[in-house]
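A structural walkthrough
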Amino acid sequence: MFRKAVLLFIVAALSACAQSTHESVPAALGKPISSAAMEAVIDTPGPIDLKTVASAEYVADLSGLLNLKDPKAVEAGLSDHEEPIQIYTHLLRHPTQGFFMVDTGVSRRLVEDPAGVGVGLVVRKFGKIERMQIREDASSAMKSEGEPLKGVFLTHLHLDHISGMPDIPKDVPFYTGPGEAAESKFENLFVQGMEDRFFEGRPAIQELQFKKDPDEKFEAVIDVFGDRSLFAILTPGHTEGHVSYLARTPTGPVLLTGDACHTRWGWEHGVEPGSYTFDRERERKSLLALKALSERHPKMVVKLGHQPSV
Ligand SMILES: [Zn+2]
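Presented here is an overview of the structure given in this document. (Residues numbered from 1 in each chain as written. Predicted model: local features only at pLDDT ≥ 70, side-chain atom pairs only at ≥ 80, totals over all residues. Heavy atoms only, no water.)

Here we take up the overall build of the protein. Looking only at helices and strands, the protein features 11 helices and 16 strands. Seen through its C-alpha atoms, the protein measures out along the principal axes to roughly 65 × 50 × 35 Å. Across the protein, every contact between residues at least 6 apart in sequence was considered, and the portion connecting residues at least 24 apart equals 73%. Summed over its atoms, the accessible surface of the protein is roughly 13500 Å², and 56% of this surface lies on carbon and sulfur atoms. In the protein, 34 side chains carry a positive charge and 43 a negative one; their mean positions are 1 Å apart. (Helix = DSSP H or I, 4+ residues; strand = E, 2+ residues; numbered from the N terminus. Contact = heavy atoms within 4.5 Å. Areas by Shrake-Rupley, 256 points an atom, 1.4 Å probe, with all protein chains shown as cover. Lys, Arg positive; Asp, Glu negative; His and termini not counted. Charge placed at Lys NZ, Arg CZ, Asp CG, Glu CD.)

Printed below as a string of structure tokens:
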């Protein structure tokens, strides 16, 4: 009996696992567009009102946030340590489409009672949730807009990007990149139960329907509202379906890299994230494509995954 249990455990442990088994369906929102068509308009001021909220202070291992084996990191003498980071939610308001969030910030309930909202033992032990210090929780960030939340665009499905979900009303749709929930790796064994619990009772995940970028500057780009005000840029690597966002605001273009780049040092030196990565090569390519975009459009404000860029 014991042997059988051990065998079952080994089989389970060796099996790759999806991030979430919650149903995903093709999103009705968004039209594919070429990167050239996007770049033709992004320096023209646009209608999106964007406010970034640092929802919580947090810490993470630098070796997770940054590839410390990159020659530039070695040359700079960087070594692993606990790095201070922030967890953001970006509040987007479109004049006719309404209010949306990019990523969710942090729910107070998640920090005060992680087990109660479905965070399993392993994530509680290794995820350092007790180190999340809330500055403005997801609920108050959401209510500060004074109108109903129409949807949440998730850059990806890692805990620190969905940690506000317990505060989000159950009927609000969530959008991800292609194959994000189904991303298959061993470590997902420890988060799948939590992610499924977060999505319990919610509509199917809306997967944005990208088509290959004919200009090949990016893998693919979507015009989210069909009026060239907000773009979803497929930047896979950190996760299978990672998405960055670019908004045209009245003061110019704002790029939300998500975790295509976590840190200011990584952005400035073009070094991709470390051990938190799903596919290092693709992630590096995504990061360098975003950096090249910002260099072609120097007025662009860049907001990184977990640290201020200036
Ligand atoms: Zn993150």
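The strand order across the open sheet built from 6 strands is S3-S12-S13-S14-S15-S16, with neighbouring strands paired in mixed fashion. Either end of the sheet is taken by a strand with one partner, and the two such strands are strand S3 (31-33) and strand S16 (301-304). The sheet shows a mean angle of 25 degrees between the axes of neighbouring strands, taken without regard to direction. Direction of pairing for S3 relative to strand S12 (residues 220-223): antiparallel, over a ladder of 3 bridges. Note that in S12 the partner of isoleucine 33 across the bridge is valine 221. (Pairing = 2+ DSSP bridges. Axes fitted to C-alpha atoms, helices over the stretch in contact; angles between N-to-C directions.)

Moving on to the sheet that holds strand S9 (residues 174-176). Strand order in the open sheet made by the 8 strands is S2-S11-S9-S8-S6-S5-S4-S7, with mixed pairing throughout. Among the strands making up the open sheet, the edge pair consists of strand S2 (24-26) and strand S7 (133-134). Pairing between strand S4 (residues 49-61) and S7: 2 bridges, direction antiparallel. By the bridge assignment for S7, glutamate 57 is matched with glutamine 133.

Right, let's get into the pattern of salt bridges. Scanning the model with the defined rule gives 15 salt bridges in all. Across the pair arginine 296 and glutamate 39 runs a salt bridge whose closest N-O atoms are separated by 2.7 Å. Placement of the pair is arginine 296 in helix H11 (residues 280-296) and glutamate 39 in helix H2 (residues 35-41), with a sequence separation of 257 residues. By relative accessible area, arginine 296 is classed as partly exposed at 34%. Of the charged contacts, one joins arginine 93 and glutamate 147 as a salt bridge, the two residues approaching to 2.1 Å between their closest N and O atoms. (Salt bridge = Lys/Arg side-chain N within 4 Å of Asp/Glu carboxyl O. Buried < 20%, exposed > 50% of the residue type's maximum accessible area, 1.4 Å probe, protein only.)

Looking now at H11. Between the first and last C-alpha of H11 there are 24 Å, a value that for 17 residues agrees with the 24 Å anticipated at 1.5 Å per step. Of the residues making up H11, those classed as buried are Glu283, Ser286, Leu287, Ala289, Leu290, Lys291, Leu293 and Ser294. Those residues of H11 that are buried lie in contact with H2, strand S13 (230-234), strand S14 (243-249), strand S15 (252-258), helix H10 (264-269) and S16. One side-chain oxygen at the N-terminal end of H11 lies 3.3 Å from the backbone nitrogen of glutamate 281; it belongs to aspartate 279. (Expected span 1.5 Å × (residues − 1). Polar contact = N/O pair within 3.5 Å; in protein donor to acceptor, adjacent residues only side chain to side chain.)

The next subject is the side chain of aspartate 160. Position of aspartate 160 among the secondary structure elements: in helix H8 (residues 159-162). Once residues within four sequence positions are removed from consideration, aspartate 160 is found in contact with Tyr58, Ile87, Asp259 and His306.

Under perfect tetrahedral coordination by four donors, a metal shows angles of 109.5 degrees; under perfect octahedral coordination by six donors, it shows angles of 90 or 180 degrees. Here the zinc ion is held by Asp160 (OD), His161 (NE2), Asp259 (OD) and His306 (NE2), and the distances to it run 2.0 to 2.2 Å. For the zinc ion, the 4 donor atoms in the first shell make angles of 80 to 167 degrees at the metal, so the coordination geometry reads as irregular. For the zinc ion, all donor residues lie on one chain, and their spacing in sequence is D-H-x97-D-x46-H. (Donors = N, O, S within 2.8 Å, 3.2 Å for Na, K, Ca; no water. Tetrahedral: all angles 85-135°; square planar, octahedral: opposite > 155°, others 65-115°.)

Turning our attention to the pairing of S13. Looking along a regular strand, one sees the side chains alternate between the two faces of the sheet. Across the 5 residues of S13, 5 count as buried, placing the element largely inside the fold. Because side chains alternate across S13, one face comprises the buried residues Leu230, Ala232 and Leu234, and the other comprises Phe231 and Ile233, equally buried. For S12 and S13, the ladder comprises 4 bridges, and the chain directions are antiparallel. Paired with valine 221 across the strands is isoleucine 233, a residue of S13. In the sheet, S13 pairs with S14 via 5 bridges, with the strands oriented antiparallel. Along S14, the bridge assignment pairs leucine 230 with alanine 247.

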